[in-house]
Amino acid sequence: MSLLTNVMDHSLDDGYAEAAARKKAAGASGMPKTLRAKLGLAAGLVLAALVVTLGAAQARVAAPVVAKERQELIDRIDKETASADKLEGTVDTLRDDVSARQRAALKTSGGSGQADLVSMLSGATAVHGPGVRLVVDDAKEASSGGGDNPRETADFSDTGRVRDRDMQRVVNGLWAAGAEAVSINGQRLTALSAIRAAGDAILVDNKPLVPPYTVLAVGDGQRLSTRFQNGADGLYLHALEENYDIRATIAVESDLRLPAAPSVIVRTAQPRTEKGTS
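No experiment lies behind these values; they were computed from the predicted model shown.

**Details of a nonpolar patch on the surface**
Turning to step 1, where the next piece is worked out: Among the surface-exposed residues, Leu 47, Leu 50, Val 51 and Leu 54 lie close enough to one another that they form a single nonpolar patch of about 390 Å² accessible area.
Turning to step 2, where the next piece is worked out: Relative to the assigned elements, Leu 50 resides in helix H3 (residues 35–105).

Shown next, in the form of structure tokens:
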């Protein structure tokens, strides 16, 4: 009990108590007592106030200059943006002109049936006729898969989203089934077309498309539909529907209209030699 009584009576350590007593006796405090110390403190406060005042004055003087430079930069950006827009419009006009000239180059002056066929198969001219309409869409509960690119996952659309390789198989299956012309969401496909992915978007010839993806294929409608659905790519699409809730509908149409490809590139050309000439 004596130890407990001692602890209760001396809750503050003796060393701390002695230090506090000495400080009190000496009259120590946080404020300087000598004249020199007081002058030093006053000088420090004056210097700090002077620095703050000078900084504020400089900021006030520089403010109009900064505002002027900022406005000049904004005006320059607006000017360059307008110039870029104008150049882009010129490029679009020239591209349309080049495409028109390339499409014209695919035709002969006589307008033979072979030239019309080549023009149609190359995508140089708009076409219409019977065929099939195939609509492919993501699952209702589609997810992103948690990765940077949800379309780069497994062999099937395990995220419930239609990927670029899925559309590649669909289009290739239609070609193999006998399609004469194909388009996706109004974008005409040619032998040089590319179907790729960029983030969440599917690109056809570098133009982004959004679901649902409407694929039009001109050909013998009923035969085209049957051959596609019974082929490997049609069965692949059916597997996506059964296992990952990808939505797809196919219908035979009596008259489909497909636009011409926006740009047809003529890579090579050879003069045609008529039979019987030397």
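The discussion continues.
**Side note on the confidence of the model for the protein**
Detailed conclusions should not be drawn from predicted coordinates in areas where pLDDT is low.
Turning to step 1, where the next piece is worked out: Residue-level pLDDT values for the protein average 78, and 69% of them are 70 or greater.
Turning to step 2, where the next piece is worked out: Predicted confidence is poor over residues 145–157, with pLDDT under 50, and the contacts of this stretch with residues over four places away or in other chains come to 37 contacts.

**What to know about the sheet that holds strand S3 (residues 187–188)**
Turning to step 1, where the next piece is worked out: In space, the five strands of this open sheet follow the order S3-S2-S7-S1-S8, with antiparallel pairing throughout. The outermost strands of the open sheet, each flanked by one partner alone, are S3 and strand S8 (247–258).

**Things to note about the pairing of strand S5 (residues 201–204)**
Turning to step 1, where the next piece is worked out: Where strand S4 (residues 195–198) lies against S5, four bridges are found, and the strand directions are antiparallel. Note that in S5 the partner of Arg 196 across the bridge is Leu 203.
Turning to step 2, where the next piece is worked out: Linking two consecutive strands that pair antiparallel, namely S4 and S5, is a turn of two residues; a positive phi of about 65° is found at Gly 199 within it.
Turning to step 3, where the next piece is worked out: Examined bridge by bridge, S5 and strand S6 (residues 207–209) share three bridges and lie antiparallel to one another. Residue pairing for S6: Leu 203 is matched across the bridge by Pro 208.

**A short note on unusual backbone geometry**
Turning to step 1, where the next piece is worked out: With omega at 0°, the peptide bond leading from Pro 211 into Pro 212 counts as cis.
Turning to step 2, where the next piece is worked out: Inspection of the secondary structure assignment puts Pro 212 in the loop between S6 and strand S7 (213–218).
Turning to step 3, where the next piece is worked out: One non-glycine residue, Asn 185, lies in positive phi territory at about 50°.
Turning to step 4, where the next piece is worked out: In this structure, Asn 185 sits in the loop between strand S2 (181–184) and S3.
Turning to step 5, where the next piece is worked out: Under the relative-accessibility criterion, Asn 185 is labelled partly exposed at 29%.
Turning to step 6, where the next piece is worked out: Unusually for a residue other than glycine, Asp 245 sits at a positive phi of about 60°.
Turning to step 7, where the next piece is worked out: Positionally, Asp 245 belongs in the loop between helix H7 (232–244) and S8.

**So, the sheet that holds S5**
Turning to step 1, where the next piece is worked out: In spatial order, the strands read S4-S5-S6; together these three strands make up an open sheet with antiparallel pairing. Single-partner strands in this sheet number two, and they are S4 and S6. Strand-to-strand twist across the sheet, computed as the mean angle between neighbouring axes with direction ignored, equals 40°.
Turning to step 2, where the next piece is worked out: Together, S4 and S5 form the strand contacts of helix H5 (residues 164–177), whose direction differs from that of S4 by roughly 165°.

**A look at the pattern of salt bridges**
Turning to step 1, where the next piece is worked out: Applying the stated criterion across every chain yields a total of five salt bridges.
Turning to step 2, where the next piece is worked out: The shortest N-O distance in the salt bridge between Asp 255 and Arg 257 comes to 3.8 Å.
Turning to step 3, where the next piece is worked out: Accessibility expressed as a relative area gives 39% for Asp 255, which makes it partly exposed.
Turning to step 4, where the next piece is worked out: Here Arg 257 falls in the exposed class, since its relative accessible area comes to 59%.

**Considerations on H5**
Turning to step 1, where the next piece is worked out: The terminal C-alpha atoms of H5, which comprises 14 residues, lie 20 Å apart, in line with the 20 Å expected from a rise of 1.5 Å per residue.
Turning to step 2, where the next piece is worked out: Along H5, the residues that are buried comprise Asp 164, Asp 166, Met 167, Val 170, Val 171, Gly 173, Leu 174 and Ala 177.
Turning to step 3, where the next piece is worked out: Residue Gly 178 follows H5 closely and has a positive phi angle near 115°.

**Considering the environment of Val 204**
Turning to step 1, where the next piece is worked out: Mapped onto the fold, Val 204 is located in strand S5.
Turning to step 2, where the next piece is worked out: A relative accessible area of 0% places Val 204 in the buried class.
Turning to step 3, where the next piece is worked out: Through-space distance from the C-alpha of Val 204 to that of Asn 185 is 9.6 Å; in sequence the pair is 19 residues apart.
Turning to step 4, where the next piece is worked out: With residues up to four places along the chain from it excluded, the contact list for Val 204 reads Ile 184, Gln 187, Leu 189, Ala 194, Ile 195 and Leu 209.

**Details of the pairing of S7**
Turning to step 1, where the next piece is worked out: Along S7, five of the six residues are buried, which leaves the element largely enclosed by surrounding structure.
Turning to step 2, where the next piece is worked out: Two elements, strand S1 (residues 127–137) and S7, share six bridges in a ladder whose sense is antiparallel. In the sheet register, Leu 134 faces S7, and the bridge partner there is Val 215.
Turning to step 3, where the next piece is worked out: For S2 and S7, the ladder comprises four bridges, and the chain directions are antiparallel.

**Here we look at the nonpolar core**
Turning to step 1, where the next piece is worked out: Membership of the largest hydrophobic core comes to 27 residues, with the highest contact counts inside it found for Val 136, Met 167, Leu 174, Ile 184 and Leu 237.
Turning to step 2, where the next piece is worked out: Mapped by element, the contributors of at least two residues to this core are S1, H5, S2, S5, S7, helix H6 (221–230) and H7.
Turning to step 3, where the next piece is worked out: When residues no more than four places from it in sequence are discounted, the contact partners of Leu 237 are Leu 134, Val 136, Val 170, Phe 228 and Ala 248.
Turning to step 4, where the next piece is worked out: Val 127, Leu 216, Val 218 and Leu 258 belong to the second largest nonpolar core, which has six residues in total.

Scoring rules and cut-offs
Residues numbered from 1 in each chain as written. Predicted model: local features only at pLDDT ≥ 70, side-chain atom pairs only at ≥ 80, totals over all residues. Heavy atoms only, no water. Patch = residues over 30% accessible without salt bridge, like charges linked within 9 Å, V, L, I, M, F, W, Y side chains within 5 Å. Areas by Shrake-Rupley, 256 points an atom, 1.4 Å probe, with all protein chains shown as cover. Salt bridge = Lys/Arg side-chain N within 4 Å of Asp/Glu carboxyl O. Helix = DSSP H or I, 4+ residues; strand = E, 2+ residues; numbered from the N terminus. pLDDT = per-residue confidence, 0-100. Contact = heavy atoms within 4.5 Å. Pairing = 2+ DSSP bridges. Buried < 20%, exposed > 50% of the residue type's maximum accessible area, 1.4 Å probe, protein only. Axes fitted to C-alpha atoms, helices over the stretch in contact; angles between N-to-C directions. Expected span 1.5 Å × (residues − 1). Core = buried A, V, L, I, M, F, W, Y, C linked by side-chain atoms within 4.5 Å.

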